[in-house]
Structure formats: structure tokens, C-alpha cells
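Residue-level structural notes
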Amino acid sequence: MTTEKTGSLVIIGGNEDKTNECTILRKFIELAGGRQARIAILTTATELPREVGDEYRSLFTELGAASAGILYIANREAANDFHQVSEIEQATGIFFTGGDQLRLTSILGGSRVDKAIRRAYGKGAIIAGTSAGASVMSDTMIVGGDSSDTPKKSTISMAHGMDLLEDVVIDQHFAQRGRINRLLGAVAQNPYVLGVGVDEDTAVIVAPDGKMEVIGSQTVTVVDGKNIIHSNISESKPNESLAITNVMLHILPVGFGFDIRRRIPYLIKEDGK
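Not measured: the values here are computed from a predicted model. (Residues numbered from 1 in each chain as written. Predicted model: local features only at pLDDT ≥ 70, side-chain atom pairs only at ≥ 80, totals over all residues. Heavy atoms only, no water.)

**Let's talk about helix α2 (residues 49-62)**
Quick note on the threshold: Per the convention used, a helix needs a DSSP run of H or I reaching at least four residues, while a strand needs a run of E reaching at least two, with both numbered from the N terminus. By this rule, a helix spans an expected 1.5 Å times one less than how many residues it contains. Type-normalised accessible area, obtained with a 1.4 Å probe on protein chains alone, sets the label of each residue: buried when under 20%, exposed when over 50%, and partly exposed for intermediate values. The arc in question is traced by the directions running from the helix axis to the C-beta atoms.
Over its 14 residues, α2 runs 20 Å from end to end, which matches the ideal 20 Å to within 8%, given 1.5 Å per residue. The complete set of buried residues in α2 reads Val52, Gly53, Tyr56, Leu59 and Phe60. All buried residues of α2 lie within an arc of 130° about the axis, which places them on one face of the element. Seen from the open side of α2, the exposed residues pointing more than 90 degrees away from its buried face are Arg50 and Glu62.

Printed below as a string of C-alpha cells:
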């Protein structure tokens, strides 16, 4: 189901700075309202919800948020609890922790909380996610794959994501775990889908108009396959090396943006435009 989107997304590649400048997390709080920000932290993806939730709650409070509450949603029953829905509805910022993205979709998908998240996004809430919480934002997400092997049909496994960002597939811990082969394989499966690989301590802020800005200390890799001339992915065997020609690749550090709708990178001027 497509929802009118008026909020923004903060898609974090994982391992974001939590001890020094906290640039990414600080920006999330700023976008969510600064000292008026009310943050809902969803720990569904992690196997350590108490520890991870407490860490982010302390961080968001220290960074100036008015409130930061943890939603311990570990099963479908909790995902349909009206109290959890109320917490989402009151939030100006929603934060997905890292962990396993399949836990997010299998527990939240189609639930009252899932619908509340979409409503909040449509009303302007800022939704952020790190690591697995980043992957889940696209309509199709990567859930696994061998990062060390050459690109092959069998390199990746994919599933349906939360569909907050359409026609894009996200991969995280990108350069640090050598995941270019996974992203190429994903784009080869459907060249219309834009591949976005986000490094650690790096994020993209996606505005309602489809423009995304890079923040953080590393880079974002964008793989555009719309002009692919040849690909053997449909006829190749699972372990046969992938052939793709005429793929466009962009490497974008802080100070650059990318227009998803027009599929062009751009330099962000000092005035932020």
C-alpha cells in the first residue's frame, strides 16, 4: 500500500558515532523537533532490547530530546497493542535499532503499530533506522548474502521491506563489509530499482521530494542500473558469475546529495541548497 509521504527518513549505515560529535543522531533529533522532539525507539530487530534501548534513550535525552521512550515489541501480540500505537502516534521521531531486519517485517508487518508508523510518516514524523533498521525502509530489502564472493545470482537473498522508500534497495555497513557485489546483484534483478549502499557512521537524509543528503564521516555508494545494456542474471545458474554492462556508479561523501526521482547527484551549496 502506497502512503502519501510528508516526513523524512534518516537511513544510517550502522556503527554511528555515539561518543563524540554524534553528528547523525544529533541531526535526527534536530529534524524531529529538537527540544520538543518526542522519540519512540523500536528495539524489535535486536536480541538485546533492554541494553540497546537504554543506550539510545540516554543518548537522545542527552542530545536534547524532550522525551525518549522504548517500545519493546517482540511479538505480534505486542505489535497490535493499543498502548504501543499510542506511543507511535505521539512521537515526532521514530528510531529503528539494528539487529535482524526480518524480525522487523515479520513482527510488525500489517500490525496496528505498522499502520501507525505509516500514518505518523504521512503526517510528518521523522523515521530513522540504523543497520537492519536502515535496510527495512525500502520496499525490497536485502536480508542476507555472501559479501566475500564475486557477484552471482546466489549472492543475495531478498524480502519485502516496510515500503517507506519506493524503488530503492538499501545495504548497510557497506564499504566496511565489502558489499558492492550484493548491491550489484540486487540492481541486476531489477534495473529500475536504485541501489544505495551506506557506510558505517554515515547516513542519508531523504526528504519528501526524493532528494537525499549525505551526512557523516564516510561515503554513500549509489548504483544506477537503468541503462544496463547486458545482464545474464535471468539465464545464469545460481553459482555462475554475474555479467552486467553499462552500470552507473556514484560515490558521495558529505556535502553531496542525490535526487532519487531524477537520478542525478548534486553538490550541496554552503547555504544548504
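Here the narrative resumes.
**Points about the nonpolar core**
Quick reminder of the rule: Nine residue types can take part in a nonpolar core, namely buried Ala, Val, Leu, Ile, Met, Phe, Trp, Tyr and Cys, and a core is a set of them joined through side-chain atoms within 4.5 Å.
The biggest cluster of nonpolar side chains holds 45 residues, and the ones touching the most others in it are Leu42, Ile88, Leu108 and Ile117. Counting residues per element, this core draws most heavily on helix α6 (residues 112-122), which supplies 5 residues. Core analysis: the second largest hydrophobic core is formed by 25 residues, Val10, Val52, Tyr56 and Ala128 among them.

**Some details on the sheet that holds strand β5 (residues 126-130)**
Applicable threshold: Here, strands pair whenever DSSP counts at least two bridges between them. Whenever a helix is involved, its axis is fitted only over the stretch in contact; in every case the axis is a line through C-alpha atoms, and angles between N-to-C directions fall within 0 to 180 degrees. Any two residues whose heavy atoms approach within 4.5 Å at even a single point are treated as in contact.
Taken in spatial order, the 9 strands line up as β3-β2-β4-β5-β1-β10-β11-β14-β15 in an open sheet, and their pairing is mixed. Edge positions in the sheet fall to β3 (67-71) and β15 (264-267), since each of these pairs with one other strand and no more. Across the sheet, the mean angle separating the axes of adjacent strands is 20° when strand polarity is ignored. Sheet topology note: the strand β11 (residues 211-216)/strand β14 (residues 256-259) ladder contains 3 bridges and is antiparallel. Directly across from Glu213, in β14, lies its bridge partner Gly257. Together, β2 (38-42), β3, β4 (93-96) and β5 form the strand contacts of α2, whose direction differs from that of β3 by roughly 165°. Packed onto the sheet, α6 meets β1 (9-12), β2, β4 and β5 and runs at close to 130° relative to β4.

Just distances and angles here, no functional claims.
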